[in-house]
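What follows is the residue order along each chain.
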Protein chains: 2
Amino acid sequence: MSGFGPGDPFLADCPARLAVELIADKWTVVVLYGLSRGPVRHGELIEVIGGISRKMLTQTLRRLEAHGLIRRHAYAEVPPRVEYELTPLGATLIDPIHMLTEWARANGDAVLDALDADPEPVAHSD
Amino acid sequence: MSGFGPGDPFLADCPARLAVELIADKWTVVVLYGLSRGPVRHGELIEVIGGISRKMLTQTLRRLEAHGLIRRHAYAEVPPRVEYELTPLGATLIDPIHMLTEWARANGDAVLDALDADPEPVAHSD
DNA sequence: CAGAATCCTTAGAGATACTG
DNA sequence: CAGTATCTCTAAGGATTCTG
């Protein structure tokens, strides 16, 4: 046997794909990480996350909310204050995310080295 | 202090973003997982990964190759045979990926429950 | 301050057909 | 079998403007 059968939990349509689709966009992981230390306000996230636009932040937050990973608290104050925090379910994703960041810390340089050793996407003509 | 300073390793421009950008697309993680058990041929990956097109597979493989995470072996045979395998560097990414799949296995249902408890992306008018 | 709504520009991604 | 090359379409994502 060379590998994976049709019932493999990761490949093809299976629950594990969910994790990838949840994470496979530009901002989801960053936002979750930003919430990993406790409740944070909308504006704080904008400042702390480099380069995210208001639109993308809100959109990402809504998606995470719909998936049950974060909760939104709107306080009836003026000026308005809204805080987001991880749900217990969302908190379970922090460990995997931390593993990713640790990986990047440890291996980021190696990847960058490989990148400029081989700058252009090689076309394999053989 | 409420959270993250400008020097935080994850947010803003920093090496940890690399991990996200590497992973934040539809197929990268799936392909890496597909290679986690040893060298695999192009065609095998197509079969084993549900729904990927030839184009996207090749494109993903090229990118991973350029980042130094996988290696390509083309055998001068007929019919042609090409195998891909993780580099030592690429192998270090398998643990974090496994954590993601474990997470999905454990919490996938909870996410789906949350999704159909709240089917449409709520517009917060408050 | 938080966010909804619009417009606009690309990148992502599938389908198909062709080559060594 | 492995891969490249187009063509096309959609959706991601940014900038900007407007409102409670």
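Figured I'd write up the structure that's included with this text. Predicted model, so just to flag it, every value in this text is computed and none were measured.

Our focus in this paragraph is the packing of aromatic side chains. Counted under the stated rule, the structure contains zero aromatic pairs over all chains. Against the face of A:Tyr75 rests A:Arg81, its NZ or CZ located 4.0 Å from the ring centre.

Another aspect to go through is the relation of the copies chain B and chain A. For the match of chain B to chain A, the screw axis carries a shift of 0.0 Å, the RMSD comes to 0.1 Å, and the turn is 180 degrees. The superposition operator between the copies reduces to a two-fold rotation axis. Among all residues of chain B, the one whose C-alpha sits closest to the rotation axis is B:Ala24, at a distance of 2.0 Å. A share of 100% of interface residues in chain B that are also interface residues in chain A marks the association as one of identical surfaces.

Before going further, it helps to spend a moment on the protein's contact with DNA strand D. Close contacts around DNA strand D come from 19 residues, with A:Lys26, A:Lys55, B:His42, B:Arg72 and B:Tyr84 the closest. Within 4 Å of the protein, atoms of DNA strand D come from sugar and phosphate in 68% of cases. Take A:Lys26: an N or O atom from its side chain is 2.8 Å from a phosphate oxygen of DNA strand D. Between DNA strand D and B:Arg41 there is a distance of 3.0 Å, counted from a phosphate oxygen to a side-chain nitrogen or oxygen. Counting residues per element, the ones that place at least two in the surface near DNA strand D are helix H4 (54-66) of chain A together with helix H3 (42-48), helix H4 (54-66) and strand E3 (81-86) of chain B. Here the element with the most residues in the surface near DNA strand D is H4(B); it accounts for three residues.

Looking now at the interface of chain B and chain A. Every contact between the two is made by 59 residues of chain B and, on the other side, 59 residues of chain A. Interface area for chain B against chain A, summed over the two sides, is near 5,400 Å², with a carbon-plus-sulfur share of 72%. Scanning the region where chain B abuts chain A turns up zero salt bridges. Where chain B meets chain A, there are eight residue pairs in polar contact (both at pLDDT 80 or more). Elements represented by at least two residues in the side of chain B that touches chain A include exactly helix H1 (15-23), helix H2 (28-34), H3, H4, strand E2 (70-75) and helix H6 (94-117) of chain B. Counting residues per element, the side of chain B that touches chain A draws most heavily on H6(B), which supplies 14 residues. Grouping the constituent residues of the side of chain B that touches chain A by class yields 34 nonpolar, 12 polar and 13 charged.

Conventions adopted
Residues numbered from 1 in each chain as written. Chains lettered and ligands numbered in written order. Predicted model: local features only at pLDDT ≥ 70, side-chain atom pairs only at ≥ 80, totals over all residues. Heavy atoms only, no water. Phe/Tyr/Trp six-rings, centres within 6.5 Å; stacked < 30°, edge-to-face > 60°. Lys NZ or Arg CZ within 6 Å of the ring centre and 35° of its normal. Least-squares fit on C-alpha atoms with pLDDT ≥ 70 in both. Contact = heavy atoms within 4.5 Å. Near = heavy atom within 4 Å. Polar contact = N/O pair within 3.5 Å; in protein donor to acceptor, adjacent residues only side chain to side chain. Helix = DSSP H or I, 4+ residues; strand = E, 2+ residues; numbered from the N terminus. Buried area = accessible area lost by both parts, 1.4 Å probe. Salt bridge = Lys/Arg side-chain N within 4 Å of Asp/Glu carboxyl O. Nonpolar A, V, L, I, M, F, W, Y, C, P; charged D, E, K, R; others polar.

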